[in-house]
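Structure assessment
Chain by chain, the residues:
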Amino acid sequence: MQDFAGRAAIAGIGLTELSRRSGLGEQALAVRACRLACADAGIEPREVDAVLSYHLGDSAPAVAVAAALGIERLGWHNDIWGGGTQTASILGDAALLISSGLARHVLIYRAMNGRSGRRLTTLPTGRQDAYTRPYGLAGPLPMFGLAATRYLHDTGLTEEHLHAVVAQSRANAAANPRAQRRDPLPLDDYLRLPYVCSPLRAADCCQENDGGCALLVSGVLDGPRIRAVVRAGGPGCSAMDRAPDVTTIFSAYVAPMLWSASGARPADVDAALLYDAYSWLVPRQLTDFGLTREPGPYLLERRHAWVNPHGGLLSEGYVHGLNNVAQAVRELRAGRSLALVTGFGGSYGSAALLESG
């Protein structure tokens, strides 16, 4: 077991409205989400002594957010560069601060105007941009679309299986008032949608929206406990020039390390919050984490309905994955016992296990 296991609890969560145009700056979104998280935990923002955030040059700095919250004596703080890879591992940073005695209450936030402001779909992703941009293919879609094509070929999965992921996401989101996409998506309608980057249609890609999300992690308050966190990676779909297998995503590296670090087994997980930036990542993670050995029938029979019960990043919205962590807390508060949350960044990423307090 990791030294910090069970010593930090997620005592509060906060999520702003998710929209296509917030009308607010990133700092205002961050402050609003942080106030909601503190109120949910039952403390005043001034009681916070550490603030962490992750960003891609598109968010408000921790010092500015702390000042706006009225935190007069700010302790440890950090603006961590990174996107989806940080979604789960930032929980480890907070747990380490608490277990080492450097903080009692840690605020984590991610705020972004991902639709009305800086859109992640157009950000450079590496050396392959020099080859894809002349053909109008910008951002991460060409890279992950190529990996998806190979993944479907190797596994025998088809667009029908991708549809099962998306359609179930919409079905799960139907009862979620926060969700951006709650309308059903029959197979025929899905197949009529144009490709964005084959084999991915727009429905296969996460939402682009504005919003803020925050967590209050505490060493003295009750809530779901952080049991284990792992961050790792290797050559794969985000390092295609060096990859023996371009379909290998972070979960292939992280999963065995997570089970070893936690002492848990895949069968123990009763809430799975998987980073579903693209539909094909769901079956890949399901198999890598040992949640199924036969993703094809598992998807078509909708046995994955328990995954991302709020609709995930495909349907609820996208705050760089942190809204999935907030949902994990809701699931554990509602009676689940062990939640898996993941953070994707190609072949690099993170995962955490949270357990009921």
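Everything below is about the structure shown above.
As the structure is a computational prediction, the values presented were derived from the model and not from experiment. (Residues numbered from 1 in each chain as written. Predicted model: local features only at pLDDT ≥ 70, side-chain atom pairs only at ≥ 80, totals over all residues. Heavy atoms only, no water.)

1. What to know about the overall build of the protein
- Each helix and strand counted, the protein has 12 helices and 11 strands in total.
- By the compact-globule yardstick of 21 Å for 357 residues, the protein fits well, its C-alpha radius of gyration being 19 Å.
- Considering only C-alpha atoms, the protein reaches an extent of 55 × 45 × 40 Å along its principal axes.
- Evaluated residue by residue, the protein yields a buried proportion of 59% over its 357 residues.
- Summing over all exposed atoms, the protein offers an accessible surface of approximately 13900 Å²; the carbon and sulfur share of this is 51%.
- Here the protein carries 33 positive and 33 negative side-chain charges, and the mean point of each set is 2 Å from the other. (Helix = DSSP H or I, 4+ residues; strand = E, 2+ residues; numbered from the N terminus. Rg over C-alpha atoms; globule rule 2.2 N^0.38 Å. Buried < 20%, exposed > 50% of the residue type's maximum accessible area, 1.4 Å probe, protein only. Areas by Shrake-Rupley, 256 points an atom, 1.4 Å probe, with all protein chains shown as cover. Lys, Arg positive; Asp, Glu negative; His and termini not counted. Charge placed at Lys NZ, Arg CZ, Asp CG, Glu CD.)

2. What to know about unusual backbone geometry
- Following serine 198, the chain continues into proline 199 via a peptide bond in cis, with omega recorded as 10 degrees.
- Inspection of the secondary structure puts proline 199 in the loop between strand E5 (195-197) and strand E6 (200-201).
- Not every positive phi belongs to a glycine, and arginine 302 is a case in point at roughly 55 degrees.
- Along the chain, arginine 302 falls in the loop between helix H10 (295-300) and helix H11 (312-315).
- We note that asparagine 308 has phi near 45 degrees; this positive angle belongs to a residue other than glycine.
- Checked against the element boundaries, asparagine 308 lands in the loop between H10 and H11.

3. As for the nonpolar core
- Core analysis: the largest hydrophobic core is formed by 55 residues, its most contacted members being Tyr278, Trp280, Phe289, Leu340 and Phe344.
- Looking at this core, the element that brings in the most residues is helix H5 (residues 141-155), giving 7 residues.
- If near-sequence neighbours (up to four positions away) are discounted, tyrosine 278 is found in contact with Pro140, Leu141, Phe144, Leu200, Asp204, Cys205 and Phe344.
- Of all hydrophobic cores here, the second largest spans 38 residues; its members include Ile10, Ala95, Ala271 and Val319. (Core = buried A, V, L, I, M, F, W, Y, C linked by side-chain atoms within 4.5 Å. Contact = heavy atoms within 4.5 Å.)

4. Considering helix H3 (residues 86-99)
- In a regular helix each residue adds 1.5 Å, so 14 residues correspond to 20 Å; H3 covers 19 Å between its end C-alpha atoms and thus fits that length.
- Buried residues dominate H3, accounting for 12 of its 14 residues.
- Of all the positions in H3, only Gln86, Thr87, Ala88, Ser89, Ile90, Leu91, Gly92, Ala94, Ala95, Leu97, Ile98 and Ser99 are classed as buried.
- Looking at the residues trailing H3, positive phi occurs at glycine 101, about 85 degrees. (Expected span 1.5 Å × (residues − 1).)

5. Considerations on the packing of aromatic side chains
- All told, the structure shown has 7 aromatic pairs when counted by the stated rule.
- Their ring planes at 85 degrees and their centres at 6.3 Å tell us that tyrosine 275 and tyrosine 318 sit as a pair that is edge-to-face. Pair noted here: tyrosine 275 is in the loop between strand E9 (271-273) and helix H9 (281-288) and tyrosine 318 is in the loop between H11 and helix H12 (322-333), with a separation of 43 residues, a long-range link.
- A residue is classified by how much of its surface remains accessible, and tyrosine 318, at 8% relative accessible area, is buried. (Phe/Tyr/Trp six-rings, centres within 6.5 Å; stacked < 30°, edge-to-face > 60°.)

6. What to know about the side chain of asparagine 324
- Looking at the element boundaries, asparagine 324 is found in helix H12.
- Polar side-chain contacts of asparagine 324 include one of 2.8 Å to the side chain of histidine 310.
- Residues contacting asparagine 324, with those up to four places away along its chain left out, are Leu273, Leu274, Tyr275, Asp276, Asn308, His310, Gly312, Leu313 and Val341. (Polar contact = N/O pair within 3.5 Å; in protein donor to acceptor, adjacent residues only side chain to side chain.)

7. Points about helix H1 (residues 26-41)
- Along its 16 residues, H1 runs 23 Å from first to last C-alpha, staying within 8% of the 22 Å computed at 1.5 Å per residue.
- Those residues of H1 lying buried are Leu29, Ala30, Val31, Ala33, Cys34, Ala37, Cys38 and Ala41.
- Residues of H1 that are buried in the fold lie against strand E1 (9-15), helix H2 (62-69), strand E4 (105-113) and strand E7 (210-218).
- In the stretch just after H1, glycine 42 is the one whose phi turns positive, near 85 degrees.

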